[in-house]
Amino acid sequence: SSSAPAPRVCVVGSGPAGFYTAQHILKHHNGAQVDIYEKLPVPFGLVRFGVAPDHPEVKNVINAFTQTARLERCAYYGNITVGRDVTVAELRQAYHAVVLSYGAEDNRVLGIPGENLSGVYSARAFVGWYNGLPENRDLKPDLSCETALIVGHGNVALDIARILLSPLSLLRKTDITDCSLAALACSKVKRVWLVGRRGPLQVAFTIKELREMINLPGARPVLNPADFTGLENAIKDAPRPRKRLTELMIKTALEKPGEKTVEVQAAATQAVAPREWGLKFQRSPQEVLPTADGRRVRGVRMALTHLEGSGDSAKAVPTGDVEELECGLVLSSIGYRSLPLDPSVPFNTQRGIIPNSSGRVEGVPGLYCSGWVKRGPTGVIITTMNDSFDTAQSVLEDLQVGVLDVSASREGFGAVGSILRSRGVHPVSFSDWEKIDAAEVARGKAAGKPREKIVDPQEMLQLIGH
Ligand code: FAD
């Protein structure tokens, strides 16, 4: 009824999960107020800090998120780390419902000797570096070697390979940070191997990203035809995306340089391409090998594997044989990982998720989750959208049937704001962000880039007079 207090909902994290959850609740409940809290001063999570700079079209979702943030019943509070500046318990006191959408801020580790040698980086850190994530801005990856090895066969691995091998002229027009562009300009890397434990039928990347890599100007694909024998048959009844992806790999493996039927011109230039990349299958990294002085990486020893079972559930089992591959740069791209936020929130350490059903956190009424922290760090933005709508639906249902008691009003940011003030924490509003945004766009303009990201949070805060 109109006299009932407005439900106040709090969302933690401003990535796709946070924004899609907020959007769905606001759209389907015309009284709800949704406040989004974000750790960084700037919004949008991995859309800003994960999605590759040369994929600007993927970032168009930012337009929809911006519309949501500008709604009167929505507020954005950046520069607030939940769990440190304000606790989940304090948020639950102030809001009728709290949705945790804080993503996956850590990475899985290989867990092998030599992993900490200089020249070994996690994909997460490397991606954060070229995308201007504040915590990775000083990574300074050493690109003075000719061969890089990426562990992993997913889209993030392909993103990294593409960034390492792309002509500078292509990257220069993107929102890649100035500092990483300068480092890539001096890069000696001309060969990139992508290594996976399993076979071609188990790769996790998708066809669009593979095709982009195959067509990358100045870089030649090197695939071993022997890796693909018999696969034509094996994929006869496979789902269509898997089938097409495998067919593209087979076609590329069998093609001799210069033999391409389409894009003859491109093929001709690729035959003499100064750079190359390839996929290596059924190899499981055992040890990162050090240089003689013990300080840097000089290669990786890998166990050869055979597959037990088939399809997605195939398991890689070491055959006993090993192989060493020389490289001066190792990037491990074997997945992101969520961390527990607060001892009061249940967390399944093994699966790296908050245990939930349809986004309702197990055993904690009024607490919800969405996105990567709900289902694990896989899936594209659309997957995250659907999953967030599902969580939002749970919140709406619980509001409707009275599981969430809205008879008593909650203060929302009124209460949280005082807590933050008492702790000397200054939130960044959405219009503050729009000032930072405008400054970035202006800085990029001179260089012909869509934006030049500000990578220092202090500088962001200064810009808005904090
Ligand atoms: P995130 O996007 O990580 O958002 C979580 C947010 O929570 C972050 O802003 C974070 O700062 C904030 N946060 C964390 N901790 C706290 C805290 N304690 N308090 C407050 N806030 C906090 N998908 C595509 O569709 N196309 C692509 O091209 C694509 N490229 C990708 C490239 C990379 C390298 C990666 C890693 C992913 C890519 N994805 C892509 C997948 C897509 O980014 C994810 O599906 C999506 O971002 C997950 O959304 P999320 O909101 O759960 O997490």
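Residues numbered from 1 in each chain as written. Predicted model: local features only at pLDDT ≥ 70, side-chain atom pairs only at ≥ 80, totals over all residues. Heavy atoms only, no water.

Enquirer: A description of the side chain of aspartate 387 should follow, citing residues and the corresponding values.
Expert: Considering the arrangement of structural elements, one finds aspartate 387 in helix α14 (residues 381-401). Looking at aspartate 387, the relative accessible area reads 9%, which means it is buried. If near-sequence neighbours (up to four positions away) are discounted, aspartate 387 is found in contact with Ser370, Gly371, Lys374 and Arg375. (Helix = DSSP H or I, 4+ residues; strand = E, 2+ residues; numbered from the N terminus. Buried < 20%, exposed > 50% of the residue type's maximum accessible area, 1.4 Å probe, protein only. Contact = heavy atoms within 4.5 Å.)

Enquirer: An account of the sheet that holds strand β12 (residues 297-308) is needed here, citing residue identities and associated values.
Expert: Sheet architecture is open: 3 strands sit in the order β11-β12-β13, paired in antiparallel fashion. Each edge of the sheet is formed by a strand with only one pairing partner; in this case those strands are β11 (283-290) and β13 (315-326). Averaged over all pairs of adjacent strands, the angle between their axes in this sheet comes to 20 degrees, without regard to strand direction. Of the strand pairs in this sheet, β12 and β13 are connected by 9 bridges, and their pairing is antiparallel. Bridge pairing in β13 places leucine 307 opposite alanine 316. (Pairing = 2+ DSSP bridges. Axes fitted to C-alpha atoms, helices over the stretch in contact; angles between N-to-C directions.)

Enquirer: Lay out helix α11 (residues 240-254) in plain terms, naming residues and giving numbers.
Expert: With 15 residues, α11 extends 21 Å from end C-alpha to end C-alpha; this agrees with the ideal 21 Å at 1.5 Å per step. Among the residues of α11, Arg242, Leu245, Thr246, Leu248, Met249, Ile250, Thr252 and Ala253 are the ones counted as buried. Elements that come into contact with the buried residues of α11 comprise α9 (207-214), β9 (219-222), α10 (231-234) and β10 (275-280). (Expected span 1.5 Å × (residues − 1).)

Enquirer: Tell me about the sheet that holds strand β7 (residues 147-151), and please be specific about residues and values.
Expert: Read across the open sheet, the 6 strands follow the order β6-β14-β7-β8-β10-β9; overall the sheet is parallel. Each of the sheet's edge strands pairs with one partner strand only, and the pair in question is β6 (120-122) and β9. Averaged over all pairs of adjacent strands, the angle between strand axes in this sheet comes to 20 degrees, irrespective of strand direction. Examined bridge by bridge, β6 and strand β14 (residues 329-332) share 3 bridges and lie parallel to one another. For valine 120, the partnering residue across the bridge sits in β14 and is valine 330. In this fold helix α5 (residues 123-130) packs onto β6 and β14, with an angle of close to 80 degrees to the strand it touches most, β6.

Enquirer: Talk me through the packing of helix α1 (residues 16-28) against α14; I want residue IDs and the actual numbers.
Expert: Orientation of α1 relative to α14, taken along the N-to-C sense of each, is 45 degrees, at an axis distance of 8 Å. Taken together, the axes of α1 and α14 lie oblique to each other. Between α1 and α14 lies a crossing of right-handed hand. Here Pro16, Ala17, Tyr20, Thr21, Gln23, His24, Ile25 and His28 of α1 lie close against α14, whose contacting residues are Ile381, Thr384, Met385, Ser388, Phe389, Ala392, Gln393, Val395 and Leu396. For the contact of α1 with α14, the per-class residue count stands at 10 nonpolar, 7 polar and no charged. (Parallel < 35°, antiparallel > 145°, perpendicular 65-115°, else oblique. Left-handed = near helix turned anticlockwise from the far one by under 90°. Nonpolar A, V, L, I, M, F, W, Y, C, P; charged D, E, K, R; others polar.)

Enquirer: Pulling in residues and values, what's your account of the domain arrangement of the chain?
Expert: In terms of domain boundaries, the chain breaks down into domain 1 (8-105 + 338-428) and domain 2 (108-335). Each of domain 1 and domain 2 has a C-alpha centre, and the two are 34 Å apart. Contact between domain 1 and domain 2 buries roughly 1,100 Å² in total, counting both sides, with carbon and sulfur atoms accounting for 53%. If you look at where domain 1 meets domain 2, you find 3 salt bridges. Across the salt bridge formed by aspartate 54 and arginine 162, the nearest N and O atoms sit 2.7 Å from each other. Put simply, domain 1 and domain 2 have 7 residue pairs in polar contact (both at pLDDT 80 or more) between them. Along the lines of polarity and charge, the residues of the side of domain 1 that touches domain 2 split into 5 nonpolar, 2 polar and 5 charged. (Domains from an automatic or database assignment. Buried area = accessible area lost by both parts, 1.4 Å probe. Salt bridge = Lys/Arg side-chain N within 4 Å of Asp/Glu carboxyl O. Polar contact = N/O pair within 3.5 Å; in protein donor to acceptor, adjacent residues only side chain to side chain.)

Enquirer: So, the site of the ligand: which residues are in play, and what are the values?
Expert: In the vicinity of the ligand lie 33 residues, with Ala17, Glu38, Trp372, Ile381 and Thr384 positioned nearest. Note that an oxygen atom of the ligand is positioned 3.4 Å from one of the backbone N or O atoms of glycine 45. In the environment of the ligand, an oxygen atom lies 2.8 Å from a nitrogen or oxygen atom belonging to the backbone of isoleucine 381. Here the ligand loses 93% of its free accessible area of 1,000 Å² to cover by the protein chains. Sorting the residues of the shell around the ligand by element identifies α1, α6 (155-165) and α14 as the ones contributing at least two each. Mapping the shell around the ligand onto the domain boundaries places at least three of its residues in each of domain 1 (8-105 + 338-428) and domain 2 (108-335). (Near = heavy atom within 4 Å. Areas by Shrake-Rupley, 256 points an atom, 1.4 Å probe, with all protein chains shown as cover.)

Enquirer: Give a detailed account of unusual backbone geometry, specifying residues and quantitative values.
Expert: Across the chain, the bulk of peptide bonds are trans and the bulk of non-glycine residues have phi less than zero. The backbone phi angle of glutamine 282 is positive, close to 50 degrees, even though this residue is not glycine. Within the secondary structure, glutamine 282 is located in the loop between β10 and β11. Unusually for a residue other than glycine, serine 358 sits at a positive phi of about 50 degrees. Following the sequence through the fold, serine 358 ends up in the loop between β16 (356-357) and β17 (360-361). Judged by its relative accessible area of 36%, serine 358 is partly exposed.

Enquirer: I'd love a proper account of the layout of surface pockets, names of residues and values included.
Expert: Estimates place the volume of the second largest pocket at around 380 Å³. Taken together, 19 residues form the lining of the second largest pocket, with Lys59, Ile62, Asp175, Asp437 and Arg451 sitting closest to its centre. Only α2 (46-49), α3 (61-70) and α16 (430-447) provide two or more residues apiece to the lining of the second largest pocket. No other element matches the 4 residues that α3 contributes to the lining of the second largest pocket. Classifying every residue of the lining of the second largest pocket by side-chain character gives 7 nonpolar, 4 polar and 8 charged. (1 Å grid on protein atoms, 1.4 Å probe; cavity = no way out; pocket = protein on both sides within 12 Å on 5 of 7 lines; lining within 4 Å. Points joined across faces, edges and corners; volume = space filled by probe spheres on them.)

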